[in-house]
Amino acid sequence: MSVVTYEVKNHVGYVTLNRPDVLNCFNYETLSVLQGIVDDIYSDRNVRAVIFLGAGERAFSAGADLKERRTLSESEVRRNVKKIREVFTSVESLPQPTIAALNGFAFGGGFELALACDFRYAVKETKMGLTETSLGIIPGAGGTQRLPRLIGTAKAMELVLTARKLTSEEAYEYGILNGVVAREDLLSNCEKLAQEICQNAPIAVQQAKFAVREGMNVDRHTGMAIESKAYEVTIPTNDRLEALDAFAEKRKPLFKGE
């Protein structure tokens, strides 16, 4: 079976890390396959939201495959770190909203993948964190940049330097998670959010995500300009006209992403 599986249902893409026997750790093969899937999603207009999952019940992903790492030369380690950084940047750059469904451990690179997503839900039993400094390294797939932007510099620095492992409840209190749910409700909660998003105009959703994401990295004045340009993209769309027609006709709009 593939180390990463992918399927699309009702405009939602499901990307599953599929190495449950090793806690869905990332080896080079997994990263390469994941990159190809993310590249396909980027240009697929049929996909309006994406859910990232981990196979099994123990882990979303426990991070880098340390057994593989022990066999690598320094140049190969650099190759792997560059690859995982590029893959997660591609995830973050997807125009479609992304949801991480944390069904178990999310450490190191696993937690960094979750941080690259727009939303994060976890089961109550999950533990997560950037544990790299306890292994003699640092987060290398965006964790040192995404976590401070999410929860603030001081709190993020504390978690990174201590390599602290958080419970789901603690992560929710930090503002890392959107919600903590029972295991049997994890996927349905993620799907509910995905379908709420999918019922809206796809181009508008993607431009709204773009405006928020890009605006967070600039000053407010520049952010307003980004918002203005994103709005401009929606004006000539058929979906905007469909929404007006639907309002006048007192029906739900049928958006096609056009």
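Residues numbered from 1 in each chain as written. Predicted model: local features only at pLDDT ≥ 70, side-chain atom pairs only at ≥ 80, totals over all residues. Heavy atoms only, no water.

## Here we look at the overall build of the protein
Okay, step 1: Check the secondary structure of the protein and you find 11 helices and 10 strands.
Okay, step 2: Here the C-alpha atoms of the protein give a radius of gyration of 19 Å, agreeing with the 18 Å that 2.2 N^0.38 yields for 258 residues.
Okay, step 3: Taking the principal axes of the C-alpha coordinates as reference, the protein spans close to 65 × 45 × 35 Å.
Okay, step 4: Every one of the 258 residues in the protein was classed for burial, and the buried ones make up 48%. (Helix = DSSP H or I, 4+ residues; strand = E, 2+ residues; numbered from the N terminus. Rg over C-alpha atoms; globule rule 2.2 N^0.38 Å. Buried < 20%, exposed > 50% of the residue type's maximum accessible area, 1.4 Å probe, protein only.)

## Comments concerning the side chain of Thr-98
Okay, step 1: Relative to the helices and strands, Thr-98 resides in strand S5 (residues 98-102).
Okay, step 2: Judged by relative accessible area, Thr-98 falls into the buried class, the value being 0%.
Okay, step 3: Residues contacting Thr-98, with those up to four places away along its chain left out, are Val-50, Phe-52, Val-91, Ala-116, Cys-117, Asp-118, Phe-119 and Lys-209. (Contact = heavy atoms within 4.5 Å.)

## Considerations on the packing of helix H4 (residues 109-116) against helix H5 (residues 143-151)
Okay, step 1: It is at 10 Å that the axes of H4 and H5 come closest, and there the two elements cross at 50°. With respect to each other, H4 and H5 are oriented oblique. The chirality of how H4 crosses H5 is left-handed. Facing Glu-112, Leu-115 and Ala-116 of H4, the residues of H5 in contact are Gly-143, Arg-146, Leu-147 and Leu-150.
Okay, step 2: Residues belonging to the contact of H4 with H5 are distributed by class as follows: 4 nonpolar, 1 polar and 2 charged. (Axes fitted to C-alpha atoms, helices over the stretch in contact; angles between N-to-C directions. Parallel < 35°, antiparallel > 145°, perpendicular 65-115°, else oblique. Left-handed = near helix turned anticlockwise from the far one by under 90°. Nonpolar A, V, L, I, M, F, W, Y, C, P; charged D, E, K, R; others polar.)

## Quick notes on the pairing of strand S7 (residues 119-123)
Okay, step 1: With 4 of its 5 residues buried, S7 lies for the most part within the structure.
Okay, step 2: Bridging between S5 and S7 involves 4 bridges; their strand directions are parallel. Each residue of the ladder has a partner; that of Ala-100, found in S7, is Arg-120.
Okay, step 3: Examined bridge by bridge, S7 and strand S10 (residues 179-181) share 3 bridges and lie parallel to one another. Across the sheet, the residue bridging to Val-123 is Val-181, located in S10. (Pairing = 2+ DSSP bridges.)

## Focus on the sheet that holds S5
Okay, step 1: One open sheet accounts for 6 strands, arranged S1-S2-S3-S5-S7-S10; its pairing is mixed. Unpaired on one side and paired on the other, strand S1 (4-9) and S10 mark the two borders of the sheet. With direction set aside, neighbouring strand axes in the sheet form an average angle of 20°.

## Focus on the sheet that holds strand S9 (residues 166-167)
Okay, step 1: The 4 strands lie next to each other as S4-S6-S8-S9, forming an open sheet whose pairing is mixed. In this open sheet, the two edge strands, each paired with only one partner strand, are strand S4 (59-61) and S9.
Okay, step 2: In this sheet, S9 lies alongside strand S8 (residues 127-129) in antiparallel orientation, the contact comprising 2 bridges. Across the sheet, Met-128 pairs through a bridge with Leu-166, a residue of S9.
Okay, step 3: Where H4 meets the sheet, it contacts S4, strand S6 (105-107) and S8, and its direction lies at approximately 90° from that of S6.

## Quick look at the side chain of Ser-168
Okay, step 1: Tracing the backbone through its elements, the reader meets Ser-168 in helix H7 (residues 168-174).
Okay, step 2: Within the structure, the side chain of Ser-168 is placed 2.6 Å from the backbone oxygen of Val-123, a separation counted as a polar contact.
Okay, step 3: Ignoring anything within four residues of it in the chain, the contact list for Ser-168 reads Ala-122, Val-123, Lys-124, Thr-126, Met-128, Leu-177 and Val-180. (Polar contact = N/O pair within 3.5 Å; in protein donor to acceptor, adjacent residues only side chain to side chain.)

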